[in-house]
Structures are given as structure tokens and as C-alpha cells.
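Descriptive structure summary
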Amino acid sequence: MTDGPERPTDRETAASDTASDTDTASDTAAHTASDTDTGASRPVVSVKRSVAVAGAMFLMAMSAAGPGFISQTGTFTAKYGPSFAAAIVASVVIDLAIQLNVWRVVGLSGMRAQDLANRVLPYSGHVLAFLVVVGGLVFGIGNISAAGLGLHDAVGLDIRLGAVLSAILAIVIFNYRALEGTVDRAVIVLGVLKIVLIAVVAVVTDPPIGEAALRTVAPVGLDLLPVLTLIGGTVGGYITYAGAHRLIESGTTGPENLRTISRGSANGILVTGVLRILLFLGILGAVAAGAQLSKADPAGSAFAFALGPVGLHLFGVVLWTAGMTSTIGASFTSATFLRTLSPVVDRRFSLTISAFITLCTVAFLLLGQAPSALLVFAGAFNGLILPFGLALILWIAWRRRDLLGGMRQPAWMLLVGLAAFVFTVYAGFESLVAIPSIFR
């Protein structure tokens, strides 16, 4: 398969990944057809490629709507009511502007974000990798603890035992080679289950959709804090690159795959947008009906209000799926940032992911709970990572067509990306100001 300007080292890296990814890349190479619209060859639709792209979409979407987002949505919906719809929509629009640029640049180049960064600014890729991995480790502790808590709410398991079992399952998913595309299929199944359960609550609570639509464009009493929090927690850090890096691992790169890359990024944001809106509406319906949400677990109490005692069990399933998909996303993406910077990680990629998950689980077991201060710090940290990485991506899109197979970035895409960058700089500044107060 021809992957545009992909470097030999990247080609060797992709060839050494899981059996499913190798099969996907081989399948793509063997089935290409003429694309009269772009002047480049385009692969024939295949099941393997479709699963790989769908897996990348869901990996990005589910990572962007993890346990932290669920908790934030419950808290802010209880506080701001229908006006919080404006923050939800704003987060989706900004996510779209960022992901369209990231997926296109990473996908066309066939190079991971840290390698691209190093090509335009020496050692900047190393800095980006360090920032992403540090944030991923801290969030990994929160993700695995959320999975344990989810099993506790769902079936009554001890939280620590639930975390260990969830970690073991995540490791098995990454190492089970008997079923092609195991990671992709697991993320898709968990994601669909999560959306269906949240949709049930959104229907049962009968939220005031008309008022929410009105407050989307005319919010009342909405602070900037919710928007900043959602942006940092839903597209910052490793989440920015999760889907695009998964495309590289599957071999879906180069100008010949431009349509697939573009559709994948847009559809991924559509999935996470639907999920965010459904969750917001479900909780809003409970609030509008008079539910007194628990400060400790606002989203869970909304489920309990809507569906009775069984609602809390179903919320446990939602929280578990969120914890699992975010654990998979954080560990996979963090490992891809180390892969081309360390030959050992490249040779032992699955082992590195397993070690990452194990480290997060052991840290949770020793701490006994997700360290709230560290999680807040990681969220603020993500606010700093986002503009740094996005600036490099936009520079490449604007000035380095040689890295993109000669393809030009559409002007409108650069403009919306620039607007998102300006916002993330402001959000990053606010995060930087907030960091010293976190550990007081």
C-alpha cells in the first residue's frame, strides 16, 4: 500500500502492529481503484477497512465522552439547566474544527503527531509526547477507577476488584489476536451500548427540548467555566490524537484515503455530539421534573430518578463502558506517542499498553481512589497541551504541503482551525492561572 509521504520507519512501525492492522493494510494495498474526483487512487470498500475506520471514530468519540464528561454534564446541568445546552454545542463545534484538521494532517502524512512535530521543530515532538503521556497516566487512574465504580453500581462488585477485572479485560482486548480488529470491535460495541442506555434515559425523562434549543443561542447566566472545562476534558491531551493515530495503525493513510479520513473525522464528532446531547437531555429532563441530584453522583441520581432502582444499575453499566473505552483510548494513544521515539516500545507495543494499564491500576489500588486534585490538574494540563499541538498541526497544514502528499488544506478548514486555536490559547491561559490553586 502506498501511504503518501510516509517514512520507511513509519511503514515498518505500521507493519509490526496487530494482526488485524496488518491484514487491513494488506487488504488496502491489494484493492485500489481510480478516483476521478481527486486524481488519486481510492481503495475499494472492505469490511476490514470499515471496521478500522469505525473503530477510530468510536475511539475518539468515546474518549471524548468519558467518566469526567459524564460527571461534568451532571454537575453543570443541575447548576445551569437548559442554558448548559450552549456549552454542549460550543464544545462540539470546537471539537469539529480541531479534529477535521488533525485527522486530515495526520492521515495524509501517514506520520504520528510527534513525528510531524519533530519534522517542523526539532524535539517539539518529544515535548508533545511527554505532555500527552503524563496527562494520559493521570487520567488513566481516573478511568480505571470509574470502570471499577461502574461494576460496583451495576452488579455490586467491590470497586477495587471491579477495577482489576476491568484492567485485565482491557489487556486481553489488546492482546487477543484470534479475532481480527479486536480493539476496534470492542470500542464499537461498548460505545453503542453506552449510547443506547443514555438514549433510554433521555426518552423516559421527557426533557424540555424546545427550551433547551432556545437557550442554545440565548443562554441565561451561563459562565465561561463550563465551556473551558468541557473543551479541556473532551478534546485536550491524548483525546486530540486518539482517532487519527488509530487510523495510522490500521494503514488508512495517504491521499488515496482522503475521503475516508475526512468522513471518519466528521462522523466521529457526530457520534460524540449525539452522545453529549442525549446525556444532557436525559439529565435535564430529570432536573426539570423536580429531581434533586446528588452532588456526589449527579448523573447516577438522574438515572435513578428516571428508571427507579434499576436506573442506578444501568448507570453503572454506562459508567463502566465509559471507563473501559477511555482506558483503552488513553493507554493506546499514549503508547503510540512513545512508539516512534523508543525502539523498545515499537518492538513491544502491546506489552507497553499492558504495562500502562497495569501501572494505572496499581496506582489506583495504592491510592484507594482517583486522586481528585491530580484529575483536576490533568484537566488543566490538557488545556495547555491542546494549543501547543494544534499550533504545530495548523502550521503543517498551511506551510508544509510536502508532508501531506502535495495536498492543500482547504482555506475554510484552516480558518475554523485558527479560530479554535485562538480559543484554546485563551482556555490554556485560564488553565495555567488555575494550576497553582489546585493543590492548596
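Looking now at the packing of helix α3 (residues 47-63) against helix α15 (residues 309-339). Packing of α3 against α15 brings their axes to within 8 Å, and their N-to-C directions diverge by 110°. Put simply, α3 runs roughly perpendicular to α15. Contacts from Leu59, Met62 and Ser63 in α3 reach Thr325, Ser326, Ile328, Gly329 and Phe332 in α15. The residue makeup of the contact of α3 with α15, split by class, is four nonpolar, four polar and no charged.

Let us look at the pattern of salt bridges. This model, assessed by the stated rule, comprises six salt bridges. When the shortest N-O distance is used, the salt bridge between Arg276 and Asp95 registers 2.4 Å. Of this pair, Arg276 sits in helix α13 (residues 258-288) while Asp95 sits in helix α5 (residues 84-109), placing them 181 residues apart in sequence. The two residues Arg276 and Asp95 agree in class, both being buried. Its salt-bridge partner being Arg400, residue Asp402 comes within 2.9 Å of it at the nearest N-O pair. By relative accessible area, which is 46% here, Asp402 ends up partly exposed. Counted as one network, the salt bridges with shared partners bring together Arg112, Glu249, Arg339 and Asp346.

Attention shifts here to the packing of helix α9 (residues 182-204) against helix α14 (residues 298-307). Angle between the axes and distance between the axes are the two parameters that describe a pair of packed helices. Interhelical geometry of α9 versus α14 gives an angle of 60° and a closest axis separation of 10 Å. One element, α9, and the other, α14, form an angle in the oblique class. The interaxial crossing formed by α9 with α14 has left-handed handedness. For the pair α9 and α14, contact is made by Leu197, Ile198, Val200, Val201 and Val204 and by Phe303, Ala306 and Leu307, respectively. Residue composition of the contact of α9 with α14, by class: eight nonpolar, no polar and no charged.

Turning next to helix α17 (residues 349-367). Over its 19 residues, α17 extends 27 Å from the first C-alpha to the last, a length consistent with the 27 Å expected when each residue adds 1.5 Å. Among the residues making up α17, those that are buried are Phe349, Ser350, Thr352, Ile353, Ser354, Phe356, Ile357, Cys360, Thr361 and Phe364. Packing partners of the buried residues in α17 comprise α7 (124-155), α8 (159-175), α12 (239-250), α15 and α16 (343-347). Where α17 ends, the next residue or the one after it, Gly368, has phi of about 85°, a positive value.

Conventions and cut-offs
- Position labels on residues start from 1 in each chain and follow its written sequence.
- It should be noted that, the model being predicted, local features are given only for residues of pLDDT at least 70 and side-chain atom pairs only at 80 or more, the latter also being counted only at that level, while totals for whole chains, interfaces and linings use all residues.
- No hydrogens and no water enter the side-chain calculation; it runs on all heavy atoms of the structure.
- As a rule, the C-alpha atoms of each element are fitted with a line to give its axis, helices using only the stretch in contact, and angles between N-to-C directions run from 0 to 180 degrees.
- By definition, any uninterrupted DSSP run of H or I lasting at least four residues is a helix, any uninterrupted run of E lasting at least two residues is a strand, and each is numbered from the N terminus.
- Roughly parallel means an angle under 35 degrees; roughly antiparallel means over 145; roughly perpendicular covers 65 to 115; every other angle is labelled oblique.
- Contacts between residues were defined by any pair of non-hydrogen atoms, one from each residue, lying within 4.5 Å.
- Ten residues, namely Ala, Val, Leu, Ile, Met, Phe, Trp, Tyr, Cys and Pro, are considered nonpolar, four, namely Asp, Glu, Lys and Arg, are considered charged, and the remaining ones, Gly among them, are considered polar.
- The salt bridge definition used is simple: a Lys or Arg side-chain nitrogen within 4 Å of an Asp or Glu carboxyl oxygen.
- To sort residues, take the accessible area from a 1.4 Å probe on protein chains only and compare it with the maximum for the residue type: under 20% means buried, over 50% means exposed, and anything in between is partly exposed.
- A crossing counts as left-handed when the near helix is turned anticlockwise from the far one by less than a right angle, and as right-handed when that turn is clockwise.
- A helix is expected to span 1.5 Å multiplied by its residue count minus one.

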